[in-house]
Amino acid sequence: MNTKRLITQLVSLFLFMNCAFTQQSVNIIPQPVFSELKNGIVSIGAQTEIVLINKDAARTVAYLNDYLAKWTGYKLKIVNQPVKDPAITQIIYDIKVKADAPDEAYGIKARDNTIRLMGDARGLFNATQTLLQLMEQNASSDRKKISFPACDIYDYPRFQYRGMHLDVGRHFFPVDFVKRYIDLMALYKFNTFHWHLTEDQGWRIEIKKYPRLTQIGSMRKQTVVGKKFNPFVGDSIPHGGYYTQEQIREVVKYAADRQITIIPEIEMPGHALAALASYPYLGCTKGPYEVATRWGVFPDVFCAGNDSTFTFLENVLDEVIQLFPGKYIHIGGDECPKTRWEKCPKCQERIRQLGLKDEHALQSYFIQRIEKYLNGKGRMIIGWDEILEGGLAPNATVMSWRGEEGGITAAQQHHDVVMTPGKYVYLDHYQSRDSSEPLAIGGFLPLNTVYGYEPIPAKLSVEEAKYIKGAQGNVWTEYMPTESQVEYMVYPRAIALSEVLWSQQNKKNYDNFLNRLKIEMKRLDRLKVNYAKHALGIKGDVNRTKEGIIKLSFSSRLDGAKIRYTNDGSEPGPNSEIYLQPLTIGKSMTVRARPFLNDQPYGNEYRQDFIIHKAAGKKVISKFAPGKEHNPGSDFALVDGIEGSENSDDNNWFGFSGNDLDAVIDFEQPVEISSFGINFINNPRGWIYPPSSLSFSVSDDGMVFRNVASKDSFENKRLLKIRMDVTSLKARYVRVIAKNAGKIPEGKPGAGNDAWLFVDELLVF
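Okay, so let's go over this structure. (Residues numbered from 1 in each chain as written. Predicted model: local features only at pLDDT ≥ 70, side-chain atom pairs only at ≥ 80, totals over all residues. Heavy atoms only, no water.)

Details of the side chain of E359
In step 1: If you trace the backbone, E359 turns up in helix α11 (residues 359-376).
In step 2: No salt bridge is formed by the buried E359, whose closest oppositely charged neighbour, K338, lies at an N-O distance of 8.3 Å.
In step 3: Only 2.9 Å separates the side chain of E359 from the side chain of Q348, close enough to count as a polar contact.
In step 4: Ignoring anything within four residues of it in the chain, the contact list for E359 reads K338, W341, E342, Q348 and I351. (Helix = DSSP H or I, 4+ residues; strand = E, 2+ residues; numbered from the N terminus. Buried < 20%, exposed > 50% of the residue type's maximum accessible area, 1.4 Å probe, protein only. Lys, Arg positive; Asp, Glu negative; His and termini not counted. Salt bridge = Lys/Arg side-chain N within 4 Å of Asp/Glu carboxyl O. Polar contact = N/O pair within 3.5 Å; in protein donor to acceptor, adjacent residues only side chain to side chain. Contact = heavy atoms within 4.5 Å.)

Now the structure itself:
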């Protein structure tokens, strides 16, 4: 059967089936446009030959053989022509699927002793990833024999931009790990690597014209310990590193061989402390500056009124252009405070000379000047959505990270957009609520939320939607000091994102994805990827019965798993109690649980401290609803026996924006009361403040309350656990009122906005 006839049949079949996958579809991630199993197998082994008809696939064939050598211990012979010999299995790299096939499209037809891959250079690389995925699923334990399923596949991506990002500024990672990162991207058909190379905390790219950037800017004297910002606690360990230009060329070629384009990011005008520490004349105050040792946003930025700043940046970009052949250069543009510009004579003179409205317009001038320079070199700029402020540069592409609004605005202005909203694709956020999770920057982004992301906002018209080129997973490494930690945070969430970006919208199904992920995890295990196992691990749910009894139930998607638990705080082991039914939490205890497979622990442990008090499980009525962003979903979470942690993003906290907490607990009958408790978060950086006042009152009828305890001053600690003793009393109702702090004061983050009041467990003893 000739290629044209085959693809016509495949496409026709795909259309008639209306894209619906059946039980006979093939287990591939990301889910292809069309796949169907046929009867039979194609046997692959060391004697199999590769037929290289499409010469554009030479690099891909070399990649395939390198992969096989590491996995199976053998490479396959490469020939130029197919043979009609039933004793010889051949993998044929053939011509493009069809003349008008979508970009990166490919086809696979596997029958008898032939696997035919069809596509252009990029399409054939994508086909190779599918080939390898199915080979691994159907290999013998010694990899000597592979029973590849007879099948038909026709596939192409939904989005042209499918990206992953890595911040090497906060923590430096060696070339070997960057290559491994790229290798994992390639497995799931990502095609863009956004390499974040400069930061306040470190400059990571060699610039020969400015050697101090790596002599000074690549090294910080220490790093903040955890989140101990105020007062600052450092680890006293110097941290640094950079990539030589030779190493960068090596990585760029390595990525290109895997059909991945690298976009380098050189941050400007903000996030520039490492550069300023190296060359102080580039700042408004001229220093002294030092490479940052803590995380956050710093006031010192490149001076926009000094022409020498632009000379420096243009010289830097000239060397960057020589290293990275892709069309895009990322120039950052985010989180640029204007305080130095407001007081800088040169910046103010620039504003006057150009007739600019304000410092935001000065930033727009800065970005547009850099864009004009890069356009003149044949390159395009891409930047974070702050580049919209003051007017967008004419040809810029926007990465929308502060939600989707920036992307919507840019698309409506007919600018290309890459969606990177923190709520869906910031892989530095926590991926479970479990207290056993390692420290992260904050936020909560479970696997199913990533999978459920839709990059095209509903607000956009069909025409405007065309400007959404794709999306990207962002990996900021403040709290990822090791390679192992990066992998833990990225996988398998990046795999879920790969399906968001590649697969057609009507092909997505989370349960089906998890079934395929179970299979794919075996490959991650073989590659020794330190992936998070939450998707198949343990999940704990706390509920209450109609009688107010607190129950804890467990579940796991891991086939054949037994959940074992303890309730005395000890570590669960293969001989611990087996979970059979929901546990009653009738007293204070620490419950720990974990799935076991063949008596071996799997994934993360569930661990929860319960503090059982008189109000636990009782009925609570709140006068004001919490904000939708910080709402556990039920007032029960205020009295579920679980206290919120220092992480304001854990699901226990009720967040009230501008409103008070005003809640009444009904004990249904009078109870003896000797003390009250309540917990708050104090985090002005996150716009979260303690209450201005707190009061507890009691009532016998639920109508008339008398105050029994109050407080109007609080310690300056992040986690405030308030405990208030009272003279023994008896009452049926308890009312707690915590007054919101009101508007955020000047000079604080979010000044002028409503403060958040974060409240958790209401305790009565």
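Continuing now.
Overview of the pairing of strand β2 (residues 49-52)
In step 1: Of the two faces of β2, the one lined by E49 and V51 and the one lined by I50 and L52 are each fully buried.
In step 2: Direction of pairing for β2 relative to strand β3 (residues 77-79): parallel, over a ladder of 3 bridges. Bridge pairing links I50 to I78 in β3.
In step 3: One crossover worth recording links β2 to the parallel β3 by way of helix α2 (residues 58-72), and it is right-handed. (Pairing = 2+ DSSP bridges. Right-handed = clockwise from strand over helix to strand, strands pointing away.)

Notes on unusual backbone geometry
In step 1: Looking along the chain, the bond that leaves N230 and enters P231 is cis, with omega of 0°.
In step 2: Relative to the assigned elements, P231 resides in the loop between β13 (224-229) and β14 (232-234).
In step 3: Residues M268 and P269 are joined by a peptide bond in cis, for which omega reads -5°.
In step 4: Tracing the sequence through the fold places P269 in the loop between β16 (261-268) and α7 (273-278).
In step 5: Positive phi outside glycine occurs at K528, with the angle close to 60°.
In step 6: Of note, K528 is situated in the loop between α18 (510-526) and β24 (538-544).
In step 7: Despite not being glycine, W687 has its phi angle at roughly 70°, a positive value.
In step 8: Tracing the backbone through its elements, the reader meets W687 in the loop between β34 (661-681) and β35 (693-699).
In step 9: Residue W687 is classed as partly exposed on the basis of its relative accessible area of 31%.

Considering the packing of aromatic side chains
In step 1: Under the definition given, this model contains 32 aromatic pairs.
In step 2: With a centroid separation of 6.0 Å and an interplanar angle of 75°, the aromatic rings of F310 and Y365 are classed as edge-to-face. Residue F310 is located in helix α8 (residues 307-323), and its partner Y365 is located in helix α11; the two are separated by 55 residues in the primary sequence.
In step 3: The exposure class of Y365 is buried, given its relative accessible area of 19%.
In step 4: A ring pair is formed by W401 and Y426, whose centres lie 6.3 Å apart and whose planes are at 20°; its orientation type is stacked. Of the two residues, W401 sits in the loop between β19 (397-400) and α12 (405-412) while Y426 sits in the loop between α13 (422-425) and β21 (429-430), which places them 25 residues apart along the sequence.
In step 5: Aromatic rings pair up to connect F172, F173, F177, Y181, F193, W195, Y243 and F324 into one cluster.
In step 6: The ring of Y254 carries the charged tip of R258 above its face, separated from the ring centre by 3.5 Å. (Phe/Tyr/Trp six-rings, centres within 6.5 Å; stacked < 30°, edge-to-face > 60°. Lys NZ or Arg CZ within 6 Å of the ring centre and 35° of its normal.)

Overview of the environment of I50
In step 1: Considering the arrangement of structural elements, one finds I50 in strand β2.
In step 2: We classify I50 as buried; its relative accessible area is 0%.
In step 3: When the C-alpha positions of I50 and N80 are compared, they lie 8.2 Å apart, and in sequence the two are 30 residues distant.
In step 4: Once you skip the residues sitting within four places of it in the chain, I50 turns out to touch V61, L64, N65, L76, K77, I78, V79, I91 and Y93.

Observations concerning the pairing of strand β25 (residues 550-556)
In step 1: For β24 and β25, the ladder comprises 7 bridges, and the chain directions are antiparallel. Within the sheet, the bridge partner assigned to N543 lies in β25 and is K551.
In step 2: Here β24 hands over to β25 after 5 residues, with G548 in that stretch at a positive phi of 85°.

Here we look at the packing of α2 against helix α3 (residues 121-137)
In step 1: Relative to each other, α2 and α3 sit at 20°, their axes nearing to 10 Å. When the axis of α2 is compared with that of α3, the two are roughly parallel. The two elements α2 and α3 cross, and the hand of that crossing is right-handed. Here T60, Y63, L64, Y67, L68 and W71 of α2 come into contact with α3, specifically with A121, L124, F125, T128, Q129, L131, L132, M135 and E136.
In step 2: Along the lines of polarity and charge, the residues of the contact of α2 with α3 split into 11 nonpolar, 3 polar and 1 charged. (Axes fitted to C-alpha atoms, helices over the stretch in contact; angles between N-to-C directions. Parallel < 35°, antiparallel > 145°, perpendicular 65-115°, else oblique. Left-handed = near helix turned anticlockwise from the far one by under 90°. Nonpolar A, V, L, I, M, F, W, Y, C, P; charged D, E, K, R; others polar.)

Looking at the pattern of salt bridges
In step 1: Applying the stated criterion across every chain yields a total of 40 salt bridges.
In step 2: With a closest N to O distance of 2.5 Å, R180 and E487 form a salt bridge. In this pair, R180 sits in helix α4 (residues 175-187) while E487 sits in helix α16 (residues 483-490), placing the two residues 307 residues apart along the sequence.
In step 3: For D183, the salt bridge goes to R258, with nearest N and O atoms at 2.7 Å. On the criterion of sequence distance, the pair formed by D183 in helix α4 and R258 in the loop between α6 (245-256) and β16 is long-range, its members being 75 residues apart.
In step 4: Relative accessible area serves as the criterion here: at 22%, D183 is assigned to the partly exposed category.
In step 5: Here the residues in one salt-bridge network are E136, E520, R523 and R526, joined through shared partners.

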